[in-house]
Structure formats: structure tokens, C-alpha cells
Amino acid sequence: MRIVVTGGAGFLGSHLCDRLLAEGHEVISIDNLITGSISNIEHIRNKNFTFIFYDVTNYLYVDGQVDFVFHFASPASPIDYLELPIQTLKVGSLGTHKALGLAKHKNAGFLLASTSETYGDPLINPQHEEYWGNVNPVGPRGVYDEAKRFAEAMTMAYYTFHKVDTRIVRIFNTYGPRNRANDGRVVPSFINQAIRNEPITVFGEGKQTRSFCYVSDLIDGIYRLMKSDEHWPVNIGNPNEMTILQFAEIIIELTKSKSKIIHEPLPQDDPAVRRPDISKAKRILGWEPTVDIREGLSRTIEYYRALMHQK
Ligand code: UDP
């Protein structure tokens, strides 16, 4: 297939490009590089790969046949969307509209990268796909959460009204190489603090929970979703839930760090719990994560150590 990936120089987008190329597809990666980076794709030496520097909130034109569109462009870290609130809203709304428009025009399939943030600060745990969520539209995270909720609504409208062959994945916390070292998310932050023996900044008491999925597992779930015929949202993530304090302790142990844990204020609307119910993905995609957290974290630590030594 000839496949367009918006956000194709980002953390997940670049791993998705790698997988699509390995499966023999032709890939056109589009990114405006505001949170993505050329360094995520510069290893690709493949005649089937093209990179286009472009902001997908503008009219999106791609020459020739397109069989599938993945819409992965978006800032995705709480710090990024505090710094880029308008861009976050625009890429989730206008960007999704343009990417859907491209899919419709080319008669292509479409897959939206949505998020566990559509569940907000959830009142049930784990979260299954039928849960409507608990989102504060006017809080600091609203720019991301509401843009992605709008993106889901827009995707379903293109499915029902225009009969575009759409998919929606709700992505839970994912980690691995190429997640920007300074993007403020907990995995890159804790690892980079630990390998420098700097204090580990646990927000609040650290009793809030997250469930971390290694990037190769996530991409495999997404690839299977592309090949399925499921049009309703599907959670992809690892149900291995832990508190942020426990997570900090694992990082200290794996890096053999001398870092001490310090506490900083809990950001507003930080979800108290998050864990995916993946029964649907298991049932319809035959998918579940396989990479153990210590194995995945060890690979990720190696990546950040190498980056640190390059500097
Ligand atoms: N967090 C933390 N210290 C940090 C960064 C994040 O304690 O330096 C916490 C944050 O408050 C949240 C969790 O770790 O409870 C995960 O945060 P992240 O920014 O990775 O993404 P989120 O899951 O909130 O979207």
C-alpha cells in the first residue's frame, strides 16, 4: 500500500513508519517538526520512504494514489500542550478534518491516533471503550482532551456520512526510544534524572497510577487494527498498573542511580488513575502486550544513556 503518516517524524509516528516500511509498504511521512524531529527518521534508508515538511492543519495535497492515512500529528505531552495550546487544538480539529478529507478524496482507509485522555480523570478503573469519560473542557489539559474527542467525533461522522473506512485507536501511556528526552513526560523525565543522579521529581504524593506500554507492542496493536474492519474505538495499552512512586523506584533500581525522590506540586486535573481494559483488543485483534516493563525500560535507558554521551 501507499500510506501517509501525519506526525511521521514524531515518537510514535516514526516507529509506525519503520513498521510499515518493514511490511513492504510505501510511506509518505508528513510533519511540521514542532515536537517531532528529523533525528527520528534519519536512519531510514529506503526508496519507499518520503518525508514532507508540512503543517497538516492546512489544506493537504498528496500526489498520486494513497491507500491509507494515519493521523498521528499532535503534541502529546502535558507540558507540550501547555506551551502549544492553539497548535494542539488545531491539529486535533483542523488537522483531523484535512487528513480525513485526504482519505475521502483518495478513497483510502484512515486511522486516528486518539488517546486515553478522552477518558479524562476517569471515575472507573480500568477504562473500557464504552466509558464516556470525565473531562474538564476549560482546564489546562482540555486543549488536548477536547481536540481528540472532537477528532473522534469527526472520524465517526466521516465513517457514517461519507462512508470512509475509518479506525480509532485510544493510545495509553507509551514509552521507548525516541520519546523526546525533555518533553516532560514521566518516563523520559525520570530516566534522564536518574542517569544524571539528579533528584527524581514525583508530582504530588505519587499515589496516582499509570500503566506503561512499550512502543513495539503499541505499534503492533495499531498495525493489527489497520488490518481489521473495526470502526469503533479500540484501547491499546498495557494494563500493568502502578503508582508513580513505584515507577520512580523501578527507575532508580534499573539505572542503579544515586538519585533521591523529591515531591513537586501535582499539576491541575492530573488523572488519579489510568489503566486500559484491553479485552476488546484481545478479542478482535488477537493482541496483547508482550514486552515486560523491566525489559522495555532497560532498552529505553540504553537509548537515553547513548543520547547523553553524544552531547
Ligand atoms: N509525573 C511526575 N513527575 C514528572 C512528570 C510526570 O510525577 O516529572 C507524573 C504526572 O503528574 C502524572 C504521571 O507522572 O501523574 C504521568 O505523567 P505524564 O506527563 O507522563 O503523562 P500523563 O499520563 O499525565 O498524560
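Bear in mind the structure is a predicted one, so any value in this text is a computation, not a measurement.

Even after reading the chapter, I still don't get the pattern of salt bridges, so can you show me in this structure?
Close approach of charged atoms lets side chains of opposite charge pair. Applying the stated criterion to the full structure yields 18 salt bridges. One salt bridge connects Arg-167 with Asp-165, and the closest N-O pair in it is separated by 2.8 Å. Put simply, Arg-19, Glu-23, Asp-220 and Arg-224 are held in one network by salt bridges that share partners.

Before we go on, may I ask you to explain the packing of helix 5 (residues 186-195) against helix 9 (residues 293-310) in this structure?
Two quantities define a packed helix pair, namely the angle between the helix axes and the distance between the axes. In the contact formed by helix 5 and helix 9, the axes pass within 10 Å of each other and the chain directions differ by 60 degrees. The orientation of helix 5 relative to helix 9 falls into the category oblique. When you trace helix 5 past helix 9, the crossing you get is right-handed. Contact residues: Val-187, Pro-188, Ile-191, Asn-192 and Ile-195 in helix 5; Leu-297, Thr-300, Ile-301, Tyr-304, Arg-305 and Met-308 in helix 9. Residues of the contact of helix 5 with helix 9, tallied by class, amount to 8 nonpolar, 2 polar and 1 charged.

Honestly, the pairing of strand 5 (residues 109-115) in this entry has me stumped. Any pointers?
Counting buried residues in strand 5 gives 7 out of 7 residues, a clear majority hidden from the surface. In the sheet, strand 4 (residues 68-71) pairs with strand 5 via 4 bridges, with the strands oriented parallel. Its bridge partner lying in strand 5, His-71 is registered against Leu-112. One ladder, built from 6 bridges, connects strand 5 with strand 6 (residues 166-171); its direction is parallel. Looking at the pairing, Thr-115 lines up with Ile-171 of strand 6. What joins strand 5 to strand 6 is helix 4 (residues 142-160), and the crossover it makes is right-handed.

Could you clarify how one ought to interpret the site of the ligand in this entry?
Among the 18 residues in the neighbourhood of the ligand, the closest are listed as Thr-201, Phe-203, Arg-210, Asp-270 and Arg-274. Within the backbone of Val-186, an N or O atom sits 2.8 Å from an oxygen atom of the ligand. For the ligand, a nitrogen atom lies 2.5 Å from a polar atom in the backbone of Thr-201. In isolation the ligand has 510 Å² of accessible area, and contact with the protein removes 95% of it. Going through the elements one at a time, helix 5 and strand 8 (200-203) are the ones with two or more residues in the shell around the ligand. Looking at side-chain class alone, the shell around the ligand contains 7 nonpolar, 5 polar and 6 charged residues.

What should I look at first to understand the packing of helix 7 (residues 244-255) against helix 9 in this one?
Between helix 7 and helix 9, whose axes approach to 11 Å, the crossing angle comes to 65 degrees. In this structure, helix 7 meets helix 9 at a crossing whose hand is right-handed. Every residue of helix 9 that contacts helix 7 at Phe-247, Ile-250, Ile-251, Glu-253, Leu-254 and Thr-255 is listed here: Arg-294, Leu-297, Ser-298, Ile-301 and Arg-305. Here the residues of the contact of helix 7 with helix 9 sort into 6 nonpolar, 2 polar and 3 charged.

Where do I start with the pairing of strand 6 in this structure?
Where a strand is regular, its side chains alternate between the two sheet faces. Along strand 6, 6 of the 6 residues are buried, which leaves the element largely enclosed by surrounding structure. Side chains Thr-166, Ile-168 and Arg-170 of strand 6 all project onto a buried face; the interleaved residues Arg-167, Val-169 and Ile-171 project onto the opposite face, where all are buried too. Looking at chain direction, strand 6 and strand 11 (residues 234-236) are connected through 3 bridges and run parallel. Looking across to strand 11, one finds that Val-169 is bridged to Val-234.

Quick question: what am I supposed to make of the environment of Leu-102 here?
As for its position among the elements, Leu-102 is in helix 3 (residues 85-106). The exposure class of Leu-102 is buried, given its relative accessible area of 3%. Placed 43 residues apart in sequence, Leu-102 and Tyr-59 show a C-alpha to C-alpha distance of 9.0 Å.

Here is what the cut-offs are and how they apply
Residues numbered from 1 in each chain as written. Predicted model: local features only at pLDDT ≥ 70, side-chain atom pairs only at ≥ 80, totals over all residues. Heavy atoms only, no water. Salt bridge = Lys/Arg side-chain N within 4 Å of Asp/Glu carboxyl O. Axes fitted to C-alpha atoms, helices over the stretch in contact; angles between N-to-C directions. Helix = DSSP H or I, 4+ residues; strand = E, 2+ residues; numbered from the N terminus. Parallel < 35°, antiparallel > 145°, perpendicular 65-115°, else oblique. Left-handed = near helix turned anticlockwise from the far one by under 90°. Contact = heavy atoms within 4.5 Å. Nonpolar A, V, L, I, M, F, W, Y, C, P; charged D, E, K, R; others polar. Buried < 20%, exposed > 50% of the residue type's maximum accessible area, 1.4 Å probe, protein only. Pairing = 2+ DSSP bridges. Right-handed = clockwise from strand over helix to strand, strands pointing away. Near = heavy atom within 4 Å. Polar contact = N/O pair within 3.5 Å; in protein donor to acceptor, adjacent residues only side chain to side chain. Areas by Shrake-Rupley, 256 points an atom, 1.4 Å probe, with all protein chains shown as cover.

What is shown is where atoms sit, not what they do.
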